[in-house]
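Structure at a glance
Given next are the chains, with one letter for each unit.
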Amino acid sequence: AQSVAQPEDQVNVAEGNPLTVKCTYSVSGNPYLFWYVQYPNRGLQFLLKYITGDNLVKGSYGFEAEFNKSQTSFHLKKPSALVSDSALYFCAVRDNTGGFKTIFGAGTRLFVKA
Amino acid sequence: DGGITQSPKYLFRKEGQNVTLSCEQNLNHDAMYWYRQDPGQGLRLIYYSQIVNDFQKGDIAEGYSVSREKKESFPLTVTSAQKNPTAFYLCASEGDRREKLFFGSGTQLSVL
């Protein structure tokens, strides 16, 4: 069965510092991995995805994520955090066997302090 | 302006009442989804539809019903059988390449 774990409920970082939001996954086949961001009272917005190819994926707003197959991880990173990055971040996984279900983690709230 | 429109933004349900949440998309997507979001639990799949006139139950379908009579519309009814309906409901759609979900702005449902 597919599953996603986001081990941190909240991540606090100072503006200008690098940030990491952690994600580990479990899927039977090769994974499709995603990061989405949610601002208050809004829907989710797509940030980036890994399907195949280079393990370092670049996405919107300066975010990137590194796929690590041996550790089954897909951590979200940004070299320099902005106050406007403060939001709720979701990691998601889908297997590539033709299933249509995207499984979401519980979410990690990122708080960037000025 | 392409996208997904959910309405209403806020909805209140009385005990024993059925309520319907609207979801419309003009992205020409075949696949549409309904998720429920509760604090600290992420998103859970209620129902999904891969094509017009067809839909499948997700992980928490009990107390909910859907229809897919038109490609652009996928309404969700929260029935009186759903005993804990207070949540934020998100509708999403996906194109043929299935590489990402597009989300609406959500409906917050509360019980009076």
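The following paragraphs examine the structure supplied in this document. (Residues numbered from 1 in each chain as written. Chains lettered and ligands numbered in written order. Predicted model: local features only at pLDDT ≥ 70, side-chain atom pairs only at ≥ 80, totals over all residues. Heavy atoms only, no water.)

Looking only at helices and strands, chain B has 0 helices and 11 strands in total. Traced from its N-terminal end to its C-terminal end, chain B shows the element sequence β-β-β-β-β-β-β-β-β-β-β. For 112 residues, the compact-globule formula gives about 13 Å, and the C-alpha radius of gyration of chain B, at 13 Å, lands near that figure. Along the first, second and third principal axes, the C-alpha atoms of chain B reach 40 × 25 × 25 Å. Put simply, chain B has 112 residues, and 51% of those count as buried. Mean positive and mean negative side-chain charge positions of chain B (13 and 13 charges, respectively) differ by 5 Å. (Helix = DSSP H or I, 4+ residues; strand = E, 2+ residues; numbered from the N terminus. Rg over C-alpha atoms; globule rule 2.2 N^0.38 Å. Buried < 20%, exposed > 50% of the residue type's maximum accessible area, 1.4 Å probe, protein only. Lys, Arg positive; Asp, Glu negative; His and termini not counted. Charge placed at Lys NZ, Arg CZ, Asp CG, Glu CD.)

Quick look at the packing of aromatic side chains now. For the coordinates displayed, the defined rule picks out 15 aromatic pairs over all chains. Both rings, one in A:Tyr36 and one in A:Phe104, keep their centres 5.7 Å apart while their planes meet at 50°; by these two values the pair is tilted. Within this pair, whereas A:Tyr36 is found in strand 5 (residues 31-38), its partner A:Phe104 is found in strand 11 (residues 103-104), the two being separated by 68 residues in sequence. Its relative accessible area of 1% is what places A:Tyr36 among the buried residues. Judged by relative accessible area, which is 7%, A:Phe104 ranks as buried. An aromatic cluster of at least three residues, connected via ring pairs, comprises A:Phe34, A:Tyr36, A:Phe46, A:Phe90, A:Phe104, B:Tyr33, B:Tyr35, B:Tyr48 and B:Phe103. Here the guanidinium or amino end of A:Lys78 rests over the ring plane of A:Phe63, the centre of that ring lying 5.0 Å away. Geometry around B:Phe74 places B:Arg68 over its ring, the cationic atom sitting 5.9 Å from the centre. (Phe/Tyr/Trp six-rings, centres within 6.5 Å; stacked < 30°, edge-to-face > 60°. Lys NZ or Arg CZ within 6 Å of the ring centre and 35° of its normal.)

A few words on the pairing of strand 11 (residues 107-111) of chain B. All names here are of chain B. Alignment of strand 2 (residues 10-13) against strand 11, held across 4 bridges, turns out to be parallel. Residue pairing across strands places Arg-13 opposite Val-111, the latter belonging to strand 11. In this sheet, strand 11 lies alongside strand 9 (residues 87-94) in antiparallel orientation, the contact comprising 3 bridges. In the strand pairing of strand 11, Phe-88 is matched with Gln-108. (Pairing = 2+ DSSP bridges.)

What follows is about the environment of B:Tyr64. All names here are of chain B. Of note, Tyr-64 is situated in strand 7 (residues 64-66). Classification of Tyr-64 by relative accessible area gives buried; the value is 6%. Note: C-alpha distance between Tyr-64 and Gly-106 (42 residues apart in sequence) is 17 Å. Once residues within four sequence positions are removed from consideration, Tyr-64 is found in contact with Arg-36, Ile-46, Tyr-47, Leu-76, Thr-77, Val-78, Thr-79, Gln-82 and Tyr-89. At 2.8 Å, the side chain of Tyr-64 forms a polar contact with the side chain of Arg-36. (Contact = heavy atoms within 4.5 Å. Polar contact = N/O pair within 3.5 Å; in protein donor to acceptor, adjacent residues only side chain to side chain.)

Under the defined criterion, the tally for this structure stands at 2 disulfides over all chains. Covalently, A:Cys23 is tied to A:Cys91 through a disulfide, its sulfur atoms 2.0 Å apart. Residues A:Cys23 and A:Cys91 share a disulfide whose torsion about the S-S bond is about -65°; that sign makes it left-handed. Pair noted here: A:Cys23 is in the loop between strand 3 (19-21) and strand 4 (24-26) and A:Cys91 is in strand 10 (residues 87-95), with a separation of 68 residues, a long-range link. For the pair formed by A:Cys23 and A:Cys91, the shared burial category is buried. Between the sulfur atoms of B:Cys23 and its disulfide partner B:Cys91 the distance amounts to 1.9 Å. Torsion about the S-S bond of the B:Cys23 and B:Cys91 cystine: about -75°, corresponding to left-handed handedness. Remark: B:Cys91 occurs in strand 9 and B:Cys23 occurs in strand 3 (residues 19-25); sequence separation between them is 68 residues. (Disulfide = S-S within 2.5 Å.)

A few words on the sheet that holds strand 3 of chain B. Residue and element names in this part refer to chain B. The strand order across the open sheet formed by 4 strands is 1-3-8-7, and the pairing between neighbours is antiparallel. The open sheet has two edge strands, strand 1 (4-7) and strand 7, and neither has a second partner. The sheet shows a mean angle of 20° between the axes of neighbouring strands, taken without regard to direction. Taken together, the 3 bridges between strand 3 and strand 8 (residues 76-78) define a ladder with antiparallel strand orientation. Note on strand 8: the bridge partner recorded for Val-19 is Val-78. (Axes fitted to C-alpha atoms, helices over the stretch in contact; angles between N-to-C directions.)

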